[in-house]
Amino acid sequence: MKNTALTDLHIGLGAKMVPFAGFNMPVQYSGINDEHETVRTGVGVFDVSHMGEFILKGEKALDLIQKISSNDASKLYDGKVQYAYIPNETGGIVDDFLTYRIDAQTYFLVVNASNIEKDWNWISKYNTYGVEMKDISDKTSLFAVQGPKAAEALQSLTNIELAAMEYYTFQKGVFAGVDNVLVSATGYTGAGGFEIYVANEDARKVWDAIFEAGAPFGIKPIGLGARDTLRLEMGFCLYGNDIDDNTSPLAAGLGWVTKFTKDFVNSDHLKAEKERGVSQKLVGFEMVDRGIPRHDYEIVDATGNKIGRVTSGTQSPTLKKSIGLGYVDSAFAKDGSEIFISIRNQPVKAVVKKPPFVK
């Protein structure tokens, strides 16, 4: 199992550590509900250094990205970030990822920890363009500082005007006395905030500076448990749960990042699927009756016929009720549709609700 640069620090802070995507990661410190509330109302810091980072460089770097990405990266400008997925050749998804345009010939890709090797091999397979590729995952630490107080808490550490940064943009600059830090107005919580990429050797210095600057704002370390409840309240997909090699990106609601104005891997198949229509759709749902939906629980109709399966589910700390995501037959995908989650072989009533669950 791999460690991040700050694994020992998290253990020293009393974090409960668990194996996640091949890494020893903090799942919680003070407790999931407390950490969740901290991010929703204040500011918290996730060490998500397990994520993967690639640099693609060269005259044809954009051509390679256009080939492997579902989205249109030609729309990017220097300092802009784009969300997309990597389609496979059989109608599924290799991974979902972010593309950062550093300049016209340099791009920074951020991929899921569990898919680093798979993504690298996939992109390499399509690199017939002579693009220089560099995997800097093992050298890079990533801190997600999330919550409505994030900009205020961090501003003393940098000359970058944090509050003025638009969502899905980034800047490079001095941060906590460290040069060439990438500060990105992104995150997977829906609570606002920033993601900060630093070299491993600077990770402890930057972490300590963040906590010193954030102390007046009640900053706390946050584990992966709250990261999951926060992203689920927003209805954000998690690779391996809600999307994978066998799920259709169109069924998963990723049509908005599928641009048929260009040719990309398996685009013809996906275009035909769009014209045909999908048989199932990924929906959000709220439980009406008591019960917590879990990954792979069956979803049934009023007469007990199987119509789908749960992909993610939890008790929402904000709403104090159970919520989830799952694939259902398209006839049941409409907002307000009544569905039932099979919990210990008992049908438990739920209602389809379009995310985000928390506005």
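Note: the structure precedes this text.
Residues numbered from 1 in each chain as written. Predicted model: local features only at pLDDT ≥ 70, side-chain atom pairs only at ≥ 80, totals over all residues. Heavy atoms only, no water.

All right, on to a positive patch on the surface then. On the surface, Lys57, Lys134, Lys139 and Lys172 cluster together into a positively charged patch. Secondary-structure assignment places Lys172 in strand S10 (residues 170-175). (Patch = residues over 30% accessible without salt bridge, like charges linked within 9 Å, V, L, I, M, F, W, Y side chains within 5 Å. Areas by Shrake-Rupley, 256 points an atom, 1.4 Å probe, with all protein chains shown as cover. Salt bridge = Lys/Arg side-chain N within 4 Å of Asp/Glu carboxyl O. Lys, Arg positive; Asp, Glu negative; His and termini not counted. Charge placed at Lys NZ, Arg CZ, Asp CG, Glu CD. Helix = DSSP H or I, 4+ residues; strand = E, 2+ residues; numbered from the N terminus.)

This part takes up the sheet that holds strand S12 (residues 193-199). In spatial order, the strands read S10-S11-S12-S9-S3-S13; together these six strands make up an open sheet with mixed pairing. Strands with a single pairing partner mark the edges of an open sheet, and in this sheet they are S10 and strand S13 (220-222). Here the average twist between neighbouring strands, direction ignored, is 30 degrees. Relative to S12, strand S11 (residues 178-184) runs antiparallel, the two being bridged by three bridges. Looking at the pairing, Ser184 lines up with Glu195 of S12. (Pairing = 2+ DSSP bridges. Axes fitted to C-alpha atoms, helices over the stretch in contact; angles between N-to-C directions.)

Core analysis: the largest hydrophobic core is formed by 42 residues, its most contacted members being Tyr100, Ile243 and Leu254. Among the elements of the structure, strand S2 (23-28), strand S5 (81-87), strand S6 (93-103), strand S7 (106-111), strand S9 (140-146), helix H7 (224-234) and strand S17 (321-329) are those that each provide at least two residues to this core. Per element, the largest residue contribution to this core is four residues, and it comes from H7. For Ile243, the contacting residues outside a window of four places in its chain are Ile93, Asp96, Cys237, Leu238, Ala252, Leu254 and Tyr327. (Core = buried A, V, L, I, M, F, W, Y, C linked by side-chain atoms within 4.5 Å. Buried < 20%, exposed > 50% of the residue type's maximum accessible area, 1.4 Å probe, protein only. Contact = heavy atoms within 4.5 Å.)

Look at helix H2 (residues 32-41) against H7: their axes get within 8 Å of each other, and the N-to-C directions meet at 55 degrees. As summarised for this structure, H2 and H7 are arranged oblique, according to the angle between their axes. The way H2 lies across H7 gives a crossing that is right-handed. Contacts between H2 and H7 involve Ile32, Glu35, His36, Val39 and Arg40 on the former and, on the latter, Gly225, Ala226, Thr229, Leu230, Glu233 and Met234. Split by residue class, the contact of H2 with H7 holds five nonpolar, three polar and three charged. (Parallel < 35°, antiparallel > 145°, perpendicular 65-115°, else oblique. Left-handed = near helix turned anticlockwise from the far one by under 90°. Nonpolar A, V, L, I, M, F, W, Y, C, P; charged D, E, K, R; others polar.)

These values are about where atoms sit, not about what they do.
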